[in-house]
Structures are given as structure tokens and as C-alpha cells.
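These are the residues of each chain, in order.
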Amino acid sequence: MSLDCLFCKIVNREIPSEFLYEDDTYVVFKDIKPAAPVHLLLVPKKHIRCINDLTEEDRDILSGLFMVAKEMAKEQGVNESGYKLLFNVEKGGGQEIFHLHLHLIGGWKKN
Ligand code: AMP
Ligand code: ZN
């Protein structure tokens, strides 16, 4: 855990947030500034700064994150209409919170 990390504080319930999903390894909550009708943040509980900082021991965390994404997409009803999964990496890649998280974005109007 990193003391001044916002997402560590959310994970540890120091800052209130409604979890749509939680297990021993991950939490999922809604993005506070949604970029689409469905915009979730899938967050490993372990403090990892960003994709650049992954180590061998994080392999299972990362693969499991995609399984959570698949389940959340289904739960949110966007699995068939489609969605995006996005990691922003470092400032130049748009990362603002330096605790690894996967954006799940979807729910646009269907044509
Ligand atoms: P990134 O730019 O990839 O670091 O994404 C950080 C995301 O966290 C942004 O989309 C923010 O809108 C979102 N965010 C910041 N603070 C909170 C919060 N307290 N609860 C939920 N989402 C947040
Ligand atoms: Zn953190």
C-alpha cells in the first residue's frame, strides 16, 4: 500500500466508494467522471504504479483482471454491444492516478 495513493485509500475503505465487485485481489467501482454510460475502474488491491512496474509475480493479477473485466462487461450488459478496455500509462499516456487500473468503457447507443 502507498500512503498517499487515492486508490489505496479507496481499496482500504478510507475513502467511501461503492464497490460493484470485490474479492481478495480486486475491487471495481464506477469512474467519478464517466466518459461513457458505462465506465468502470477495475483495480487490483496491490499497489502497482502502472503497467511499466509489473513484475513476474504480478502475472496472475493481470490475467485475472481480464477475467473480472469479462464478468463485469456481462453484468453491465455491454458484453454483446461492445466495450473498450484501456490502461493509461504514465502522464504522457493520460494516467492521472498512479495505481494500476483498467478502464472498462461502453454502453454507447446501439445503431
Ligand atoms: P487514469 O487517467 O487512467 O489515471 O484514470 C483515473 C480515473 O480515475 C479518471 O478517469 C478519474 O475520473 C477517476 N477518478 C478519480 N478519482 C476518483 C474517485 N474518487 N472515484 C472514482 N473515480 C475516480
Ligand atoms: Zn495505490
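That block above? That's the structure.
Definitions and limits used
- Residues numbered from 1 in each chain as written.
- Chains lettered and ligands numbered in written order.
- Predicted model: local features only at pLDDT ≥ 70, side-chain atom pairs only at ≥ 80, totals over all residues.
- Heavy atoms only, no water.
- Donors = N, O, S within 2.8 Å, 3.2 Å for Na, K, Ca; no water.
- Tetrahedral: all angles 85-135°; square planar, octahedral: opposite > 155°, others 65-115°.
- Helix = DSSP H or I, 4+ residues; strand = E, 2+ residues; numbered from the N terminus.
- Buried < 20%, exposed > 50% of the residue type's maximum accessible area, 1.4 Å probe, protein only.
- Polar contact = N/O pair within 3.5 Å; in protein donor to acceptor, adjacent residues only side chain to side chain.
- Pairing = 2+ DSSP bridges.
- Axes fitted to C-alpha atoms, helices over the stretch in contact; angles between N-to-C directions.
- 1 Å grid on protein atoms, 1.4 Å probe; cavity = no way out; pocket = protein on both sides within 12 Å on 5 of 7 lines; lining within 4 Å.
- Points joined across faces, edges and corners; volume = space filled by probe spheres on them.
- Nonpolar A, V, L, I, M, F, W, Y, C, P; charged D, E, K, R; others polar.

Q: What exactly am I supposed to notice about the coordination of the zinc ion (ligand 2) here?
A: Tetrahedral metal sites with four donors have an ideal angle of 109.5 degrees; octahedral sites with six donors have ideal angles of 90 or 180 degrees. At 2.0 to 2.3 Å from the zinc ion (ligand 2) lie its protein donor atoms, namely C5 (SG), C8 (SG), H47 (ND1) and H99 (ND1). What the four donor atoms of the zinc ion (ligand 2) show is an angle range of 104 to 116 degrees at the metal, which sorts the shape as tetrahedral. Taken in sequence order, the residues that donate to the zinc ion (ligand 2) follow the motif C-x2-C-x38-H-x51-H. One end of the pair, C8, is in helix α1 (residues 6–11); the other, H99, is in the loop between β4 (83–86) and β5 (102–106), with 91 residues separating them in the sequence. No difference in accessibility class separates C8 from H99, as the two residues are buried.

Q: Is there a simple way to explain the side chain of H39 in this structure?
A: Relative to the helices and strands, H39 is located in strand β3 (residues 38–44). There is a polar contact of 2.9 Å between the side chain of H39 and the backbone nitrogen of A35.

Q: How should the sheet that holds β5 be read in this particular structure?
A: Whether parallel or antiparallel, the strands of a sheet pair through hydrogen bonds between backbone atoms. Pairing is antiparallel in the open sheet, where five strands are placed in the order β1-β2-β3-β5-β4. Strand pairing shows two members of the sheet lacking a second neighbour, β1 (19–22) and β4, which therefore form its edges. Going across the sheet, the axis of each strand differs from the next one's by a mean of 20 degrees, ignoring polarity. For β3 and β5, the ladder comprises five bridges, and the chain directions are antiparallel. From the neighbouring strand, V38 faces β5, where its bridge partner is G106.

Q: So what exactly am I meant to see when it comes to the layout of surface pockets here?
A: Take a probe with the size of a water molecule and roll it over the atoms, and the empty space left behind shows itself. Quantified by volume, the largest pocket comes out at close to 450 Å³. Along the wall of the largest pocket there are 20 residues; nearest its centre are F7, D31, I32, L41 and I97. Looking at the lining of the largest pocket, the elements with two or more residues in it are α1, β2 (26–30) and β3. Among the elements that make up the lining of the largest pocket, the one with the highest residue count is α1 (three residues). Split into classes, the residues belonging to the lining of the largest pocket amount to nine nonpolar, seven polar and four charged.

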